[in-house]
Amino acid sequence: MTIPVNNWWHFLRVVAVMNCVAWFVSAVLLARHRSNYHSDEYRRRRWLMVLSAGYVLGCAFRSFLPRIDLLRICLAQSWLSRMPVGRSVATIAELCFMAQCALLLHIAGRSVGNKSTTRISQCLMPLIIVAECASWYAILSTNYLGHVVENSIWTVCAALLFVSFFHLWPHSNRGQRQFLSAMMVFGIGYILFMITTNLPMYWTRWQLQLTTRHAILPLLQGLADASRRCIVSFNQDIWYQEMPWMTLYFTIVVWLSMLLPHAPTWIRNSRSRSAASLENSPPGE
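For clarity, every value in this text was computed on a predicted model and none was experimentally measured.

A. Broad picture of the pattern of salt bridges. Tallied over the entire structure, the rule returns 10 salt bridges. Here Asp-69 ties to Arg-67 by a salt bridge, and the two come within 2.5 Å at their closest N and O atoms. For the pair formed by Asp-69 and Arg-67, the shared burial category is buried.

B. How the structure looks around a nonpolar patch on the surface. Taken together, the side chains of Val-17, Val-21, Phe-24, Val-25, Leu-29 and Phe-64 define a hydrophobic patch exposed on the protein surface, amounting to about 530 Å² of accessible area. Sorting elements by how many residues they give to the nonpolar patch places helix H1 (residues 3-32) first, with five residues. Tracing the sequence through the fold places Phe-24 in helix H1. For Phe-24, a relative accessible area of 54% corresponds to the exposed category.

C. The environment of Gln-209, seen in detail. Positionally, Gln-209 belongs in helix H6 (residues 174-212). Taking relative accessible area as the criterion, Gln-209 reaches 10% and is therefore assigned buried. Along the backbone, Gln-209 and Tyr-144 are 65 residues apart, and their C-alpha atoms lie at a distance of 7.9 Å. Residues contacting Gln-209, with those up to four places away along its chain left out, are Thr-142, Asn-143, Tyr-144 and His-214.

D. Just the state of the cysteines, in detail. Within this structure, the stated rule accounts for one disulfide. Disulfide partner of Cys-74: Cys-230, at an S-S distance of 1.9 Å. Between Cys-74 and Cys-230, the S-S dihedral sits near 65°, and the bridge is therefore right-handed. Placement of Cys-74 in strand E2 (residues 73-74) and of Cys-230 in the loop between helix H7 (219-226) and strand E3 (231-232) is noted, with a sequence separation of 156 residues between them. Residue Cys-74 is classed as buried on the basis of its relative accessible area, which comes to 0%. As a non-bridged cysteine, Cys-96 has Cys-59 as the owner of its nearest cysteine sulfur, 10 Å distant.

E. Representation of the sheet that holds E3 within the structure. If you walk across this open sheet you meet the three strands as E1-E2-E3, and the pairing is mixed. With one partner strand each, in any of the chains shown, strand E1 (67-68) and E3 form the two edges of the open sheet. In this sheet, E2 lies alongside E1 in antiparallel orientation, the contact comprising two bridges. Directly across from Ile-68, in E2, lies its bridge partner Ile-73.

F. The arrangement of the nonpolar core in detail. Grouped together as the largest cluster of nonpolar side chains are 65 residues, with contacts concentrated most on Trp-8, Tyr-55, Phe-97, Phe-179, Trp-239 and Leu-260. Ranked by residues supplied to this core, first place goes to helix H3 (residues 83-112) with 10 residues. Filtering out sequence-adjacent residues up to four positions away, Tyr-55 remains in contact with Ala-93, Glu-94, Cys-96, Phe-97, Tyr-249, Val-253, Val-254 and Ser-257.

The rules we used
Residues numbered from 1 in each chain as written. Predicted model: local features only at pLDDT ≥ 70, side-chain atom pairs only at ≥ 80, totals over all residues. Heavy atoms only, no water. Salt bridge = Lys/Arg side-chain N within 4 Å of Asp/Glu carboxyl O. Buried < 20%, exposed > 50% of the residue type's maximum accessible area, 1.4 Å probe, protein only. Patch = residues over 30% accessible without salt bridge, like charges linked within 9 Å, V, L, I, M, F, W, Y side chains within 5 Å. Areas by Shrake-Rupley, 256 points an atom, 1.4 Å probe, with all protein chains shown as cover. Helix = DSSP H or I, 4+ residues; strand = E, 2+ residues; numbered from the N terminus. Contact = heavy atoms within 4.5 Å. Disulfide = S-S within 2.5 Å. Pairing = 2+ DSSP bridges. Core = buried A, V, L, I, M, F, W, Y, C linked by side-chain atoms within 4.5 Å.

Now the structure itself:
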């Protein structure tokens, strides 16, 4: 019963190290192609790279110290494995990832003058902050309703991103449309996974809590409970529902985060292109 979970944990740790190396390579490539961007554009892409670092490192931390928050279960006994520590790292990482999406979308929407895309970009961070609050409520109270709300909001955000890609499509060239197509495929896959796997899982657990009259902890009592030493368990029956979403979360989404700083640039008109070209040209030309 312990071997599959142990092998999966080894896989997560190897991928985490490889992801950190890949982020460094991605940052070096961005620096080498600095001449392809005007100064403001390059500054924004560096911010995207910094935000990506927050997500990559957060996922690496969680790969080395996986946990099941509401059950207070982990794979390695350490004060770093305690639920408030892990949830704090996850909160920062998730905010970094959504900030990447919002920033990139805002830049593209403003560049082409598409107000719908810009408005969507402004909605993403407030929605995810609410989702993070719902996640903290779930962990402290041990009420799975919080996770139902959290994952529902993430699904809504993915749908909003998908809609924004359609708004950008008429304003995009061939290379930009290839990027949008890849993002649409990712968005469809994410939404399908959430509505067929993650949301039903948390909904079922919440319904079971209602049936069994599970005692919901007050938040302060829940904080004290979550701060205690976690229970180490490699039981596959406990981890099997967590393994799919964690595996996808710490691999594909991390890779997407590292690619976003290299996304195509949306420039509104030829005048903007000329300005960028003049700024990038060597002195004396």
